[in-house]
Amino acid sequence: MKTMALLTFVVLLPLVSPALSQVPDDKLIVPGQRIGKWTLMMTIADLTQINGPPNRVGPAVGPQDLAREFQVHYWDRLGFFAVTSTTDTQRVEALFATSDEFRTEKGIRVNSRREAVEAAYGGPTAETRPSRSAVRLTYDEIGLMVAILESVALAIEVAIFRPGTGRQLFRF
């Protein structure tokens, strides 16, 4: 019986995507790498396998500071969404946390004050305006972006992306 279970495990092990293996679900935002169990190495197919289908998918609309056109894949019930380019809808360009369950090692999360973000990470590489009421603090060298609602100076989104690719995502 143990031999059969071991044999089944050995046969099925290569079928597990490397992107899906060994990622803790600790609600940690690691700039340039992951949000909880979701990593930038995953594809939309991987995210769908883990989370089920997104509840909605559509073009990124509204933000004036985007460097190009993007497709957004929302998992609202999980408090996160993934962004892909419109030319490659499988490659994840950025992951966004919209729930305060997720936080960086330095304690930054949705609902963090702008002052706390800047105390933790210093001045941003770029500060852009996705709308009249919000500002994006982009830390390109580490792959972190925090969107701040200016009227209350609180974070409304925390995103990760590959370090050094901020200009490909947001217009600086």
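Residues numbered from 1 in each chain as written. Predicted model: local features only at pLDDT ≥ 70, side-chain atom pairs only at ≥ 80, totals over all residues. Heavy atoms only, no water.

Draft legend 1. Looking closely at the overall build of the protein chain. In terms of regular secondary structure, the protein chain is built from four helices and 12 strands. Counting the 172 residues in the protein chain, one finds 44% classified as buried. Across the protein chain, the fraction of contacts at a sequence separation of at least 24, relative to all contacts at a separation of at least 6, is 43%. (Helix = DSSP H or I, 4+ residues; strand = E, 2+ residues; numbered from the N terminus. Buried < 20%, exposed > 50% of the residue type's maximum accessible area, 1.4 Å probe, protein only. Contact = heavy atoms within 4.5 Å.)

Draft legend 2. Examining the nonpolar core more closely. In this structure, Ile35, Leu47, Leu95 and Val146 are the most contacted members of the largest nonpolar core, which totals 28 residues. Ignoring anything within four residues of it in the chain, the contact list for leucine 95 reads Ile35, Trp38, Thr39, Leu40, Leu47, Phe80, Phe81, Ala82, Val158, Ala159 and Ile160. (Core = buried A, V, L, I, M, F, W, Y, C linked by side-chain atoms within 4.5 Å.)

Draft legend 3. The arrangement of the side chain of serine 85 in detail. One can find serine 85 in strand S6 (residues 80–85). Given a relative accessible area of 4%, serine 85 falls into the buried group. In this structure the side chain of serine 85 is engaged in a polar contact, spanning 3.1 Å, whose partner is the side chain of threonine 87. (Polar contact = N/O pair within 3.5 Å; in protein donor to acceptor, adjacent residues only side chain to side chain.)

Draft legend 4. Region of interest: the pattern of salt bridges. Under the defined criterion, the tally for this structure stands at nine salt bridges. With a shortest N-O distance of 3.3 Å, arginine 91 and glutamate 93 are connected by a salt bridge. On the basis of relative accessible area, arginine 91 is assigned to the partly exposed category, the value being 39%. Of the residues examined, glutamate 93 reaches a relative accessible area of 9% and is grouped as buried. We note a salt bridge from glutamate 118 to arginine 114, for which the minimum N-O separation is 3.3 Å. (Salt bridge = Lys/Arg side-chain N within 4 Å of Asp/Glu carboxyl O.)

Draft legend 5. Looking closely at the sheet that holds S6. Overall, antiparallel pairing links the eight strands, which are arranged S4-S5-S6-S7-S12-S11-S10-S9 in an open sheet. Looking at which strands have only one partner, the edges of the open sheet turn out to be strand S4 (56–59) and strand S9 (126–128). The mean inter-strand angle of the sheet, taken between neighbouring strand axes irrespective of direction, is 20 degrees. Note that strand S11 (residues 144–149) and strand S12 (residues 154–161) share six bridges and pair antiparallel. Considered in S12, the bridge of valine 146 is made with valine 158. Sheet strands in contact with helix H2 (residues 44–51) are strand S5 (70–75), S6 and strand S7 (92–97), and its direction is about 160 degrees off that of S6. (Pairing = 2+ DSSP bridges. Axes fitted to C-alpha atoms, helices over the stretch in contact; angles between N-to-C directions.)

Draft legend 6. How the structure looks around H2. Within H2, the full set of buried residues consists of Ile44, Asp46, Leu47 and Asn51. In an axial view of H2, the angular spread of the buried residues amounts to 155 degrees, which keeps them on one side of the axis. As for H2, its buried residues are in contact with strand S3 (38–39), S5, S6 and S7. You can read the cap of H2 off the contacts: a side-chain oxygen lies 3.3 Å from the backbone nitrogen of alanine 45, and it is on threonine 43. Following H2 by one or two positions, glycine 52 has its phi on the positive side, about 85 degrees. (Arc of directions from axis to C-beta.)

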